[in-house]
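Here's the letter readout for the chains.
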Amino acid sequence: MNGTRIAAVGHYQPAKVLTNEDLAGMVDTSDEWITSRVGIRTRHIAGPDEPVDELAAHAAAKALAAAGLTPGDIDLVLVATSTAIDRSPNMAARVAARLGIPSPAAMDVNVVCAGFTHALATADHTVRAGAATRALVIGADKMSEVTDWSDRTTCVLVGDGAGAAVVEAADEPGIGPVLWGSVPEMGNAVRIEGTPPRFAQEGQSVYRWATTQLPPIARKACEKAGLTPADLAGVVLHQANLRIIEPLAEKIGAVNAVVARDVVQSGNTSAASIPLAFSKLVEQGAVRTGDPVLLFGFGGNLSYAGQVVRCP
């Protein structure tokens, strides 16, 4: 085998929907204030009895079903998350237990909003190296659990959810080379810290970095896949803020691509945002089997990771 591919995707969101009007009854804000600044209209919020691993397991089960596989076909589970409150067992082990996956390698990846694309690259490398046969790669976060709901600058942003992909060996490369890195000296611009842990960020710093520094990096990810941005059928950026997504997508130059804007309905779901938005594009038929799509995560740690994948 010369590469790997995404065999199938799946996603899951909690049933409870929190609207901008609901938030206006909780903090000093309004629908106009939120939509004009971040473009978000609704977000899904998990209940106290819906832990991160449950969200992840639902999405993973859908991806497995779409791939026509059973839990026994998986030997690597990677969960990208930054909202695992417990240190052990990790989310990957808990997801494996929920799904009945026998004796997999099970690891969590904490690169916050860029976690899924980091985990996807890790699965690609692992399968191509022969250390695993099939991997479940999941992005799942319960941001509502680390949010100060009295802080209008952050509580309007977040949502909960999960997205998953099945990665397996392929004759032709279906997952392009990853381009990843970070700006450690600016890592404090996005934080989940303290006791209890709380999400905070320096919004203007993140906006300037994302819209000025990331476009050439994203274009280089296309180059590593042997494509130009104009060749892309889809662009799925981290769903942070519509005011970041739209100018970043424009500066990348993907003039023929469908640009995911799931942030409008789902808010910022951190590591879940890319697989969640990608799965929805596939489900809706907005991108077709074999289409090249750029997945590009960025945010916490001021880390980034992107690769071009072929749609399942």
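See the structure printed just above.
Residue indices begin from 1 for each chain and proceed along its sequence in written order. Only residues with pLDDT of at least 70 are given local features in this predicted model, and only at 80 or more are side-chain atom pairs given and counted; all residues enter the totals for whole chains, interfaces and linings. The side-chain numbers reported here are obtained from all heavy atoms of the structure, hydrogens and water having been left aside.

Caption draft 1: View of the layout of surface pockets. Volume-wise, the largest pocket comes out at about 530 Å³. What lines the largest pocket is a set of 26 residues, and nearest its centre among them are Val 38, Leu 157, Gln 201, Gly 203 and Asn 241. For the lining of the largest pocket, the leading source of residues is helix α7 (residues 203-224), giving four residues. The classification used treats Ala, Val, Leu, Ile, Met, Phe, Trp, Tyr, Cys and Pro as nonpolar, Asp, Glu, Lys and Arg as charged, and all other residues, Gly among them, as polar. Here the lining of the largest pocket is composed, by residue class, of 14 nonpolar, 10 polar and two charged. Cavities and pockets were defined on a 1 Å grid built over protein atoms only: a cavity is a set of grid points that admits a 1.4 Å probe from which the probe cannot escape, a pocket is an open set flanked by protein on both sides within 12 Å along at least five of seven lines, and lining residues are those with an atom within 4 Å of any such point. Grid points are joined across faces, edges and corners, and a volume is the space filled by probe spheres set on the points. Secondary structure follows DSSP: runs of H or I at least 4 residues long count as helices, runs of E at least 2 residues long count as strands, and numbering of each begins at the N terminus.

Caption draft 2: Representation of the side chain of His 11 in the model. The residue His 11 is located in strand β1 (residues 3-12) in this model. Within 3.5 Å is the distance limit for a polar contact, defined as a pair of N or O atoms, with the added protein rule that one can donate a hydrogen and the other accept it, and that residues adjacent in sequence qualify only through two side-chain atoms. At 2.7 Å, the side chain of His 11 forms a polar contact with the side chain of Ser 279. The criterion used for residue contact is that any of the two residues' heavy atoms lie within 4.5 Å. With near-sequence residues (within four places) excluded, His 11 lies in contact with Ala 59, Lys 62, Ala 162, Gly 163, Leu 276, Ser 279, Lys 280 and Glu 283.

Caption draft 3: The nonpolar core, seen in detail. Only buried residues count toward a nonpolar core, which is a set of Ala, Val, Leu, Ile, Met, Phe, Trp, Tyr and Cys residues joined through side-chain atoms within 4.5 Å. Think of it in three bands: with a 1.4 Å probe and only protein chains considered, a residue is buried below 20% of the maximum accessible area for its type, exposed above 50%, and partly exposed in between. Counting 49 residues, the largest nonpolar core has Trp 209, Leu 214, Leu 232, Leu 237, Leu 294, Phe 296 and Phe 298 as the members making the most contacts within it. If you list the elements that add at least two residues to this core, you get α2 (31-37), α7, β11 (234-237), α8 (242-252), α9 (263-266), β13 (292-298) and β14 (303-310). The biggest single contributor to this core is α7, with eight residues. Setting aside residues no more than four positions away along its own chain, Trp 209 makes contact with Val 183, Leu 214, Phe 298, Gly 299, Leu 302, Ser 303 and Tyr 304.

Caption draft 4: Structural view of helix α5 (residues 115-128). Given the number of residues in a helix, its expected span is that number minus one, multiplied by 1.5 Å. Its 14 residues give α5 an end-to-end C-alpha distance of 20 Å, which sits within 8% of 20 Å, the value for a rise of 1.5 Å per residue. For α5, the buried fraction is high: 10 of the 14 residues fall into the buried class. Residue Gly 130 follows α5 closely and has a positive phi angle near 85 degrees.

Caption draft 5: Summary view of the pairing of β14. Within β14, seven of the eight residues are buried, which leaves it mostly tucked inside the rest of the structure. Two strands are counted as paired when DSSP detects at least two bridges linking them. Inspection of the sheet shows strand β8 (residues 179-182) paired to β14 by four bridges, in the antiparallel sense. The residue of β14 that forms the bridge with Gly 181 is Tyr 304. Hairpin connection from β13 to β14: four residues lie between these consecutive antiparallel strands, with Gly 299 at a positive phi of about 145 degrees.

Caption draft 6: Structural detail: the sheet that holds β8. Ordered by their spatial adjacency, five strands build an open sheet running β8-β14-β13-β11-β12, and the pairing between neighbours is mixed. The open sheet has two edge strands with one neighbour each: β8 and β12 (258-259). Pairing of β11 with β12 involves two bridges; the strand directions are parallel. Across the sheet, the residue bridging to Val 235 is Val 259, located in β12. Axes here mean lines fitted to C-alpha atoms, for a helix over just the part in contact, with angles spanning 0 to 180 degrees between N-to-C directions. Of the strands in this sheet, β8, β13 and β14 are in contact with α7, which crosses β13 at around 140 degrees. Of the strands in this sheet, β11, β12 and β13 touch α8, which is tilted by about 135 degrees from β11.

Caption draft 7: Expanded view of the packing of aromatic side chains. Centres within 6.5 Å make a pair out of two Phe, Tyr or Trp rings, where for Trp the six-membered ring is used; the pair is then stacked when the planes are under 30 degrees apart, edge-to-face when over 60, and tilted otherwise. Considering all chains together, one arrives at two aromatic pairs under this definition. Note on Trp 209 and Phe 298: the rings are 6.5 Å apart at their centroids and 70 degrees apart in plane angle, and the pair reads as edge-to-face. Taken as a pair, Trp 209 in helix α7 and Phe 298 in strand β13 lie far apart in primary sequence, 89 residues in all. Take Trp 209 and Phe 298: they sit in the same class, and that class is buried. Considering the side-chain rings of Phe 296 and Phe 298, the 6.3 Å spacing of their centres and the 40 degrees angle between planes classify their relative orientation as tilted. Here Phe 296 and Phe 298 have matching classes, each one buried. Aromatic rings pair up to connect Trp 209, Phe 296 and Phe 298 into one cluster. Directly above the aromatic system of Trp 33 lies the positively charged group of Arg 152, at a separation of 4.4 Å from the ring centroid. Taking NZ or CZ as reference, Arg 243 lies 5.6 Å from the ring centre of Tyr 207, over its face. Two conditions define a charge sitting above a ring: the NZ of Lys or the CZ of Arg must be within 6 Å of the ring centre, and it must be within 35 degrees of the ring normal.

Caption draft 8: Focus on the pairing of strand β5 (residues 105-109). Bridging between strand β4 (residues 76-80) and β5 involves five bridges; their strand directions are parallel. Opposite Leu 76, over in β5, you have Ala 105 as the bridge partner. In this fold, the crossover linking β4 to β5 by way of helix α4 (residues 91-99) has right-handed handedness. When the strands point away from the viewer, a crossover counts as right-handed if the route from the first strand across the helix to the second turns clockwise.

Keep in mind that these numbers describe shape and distance, not what the molecule does.
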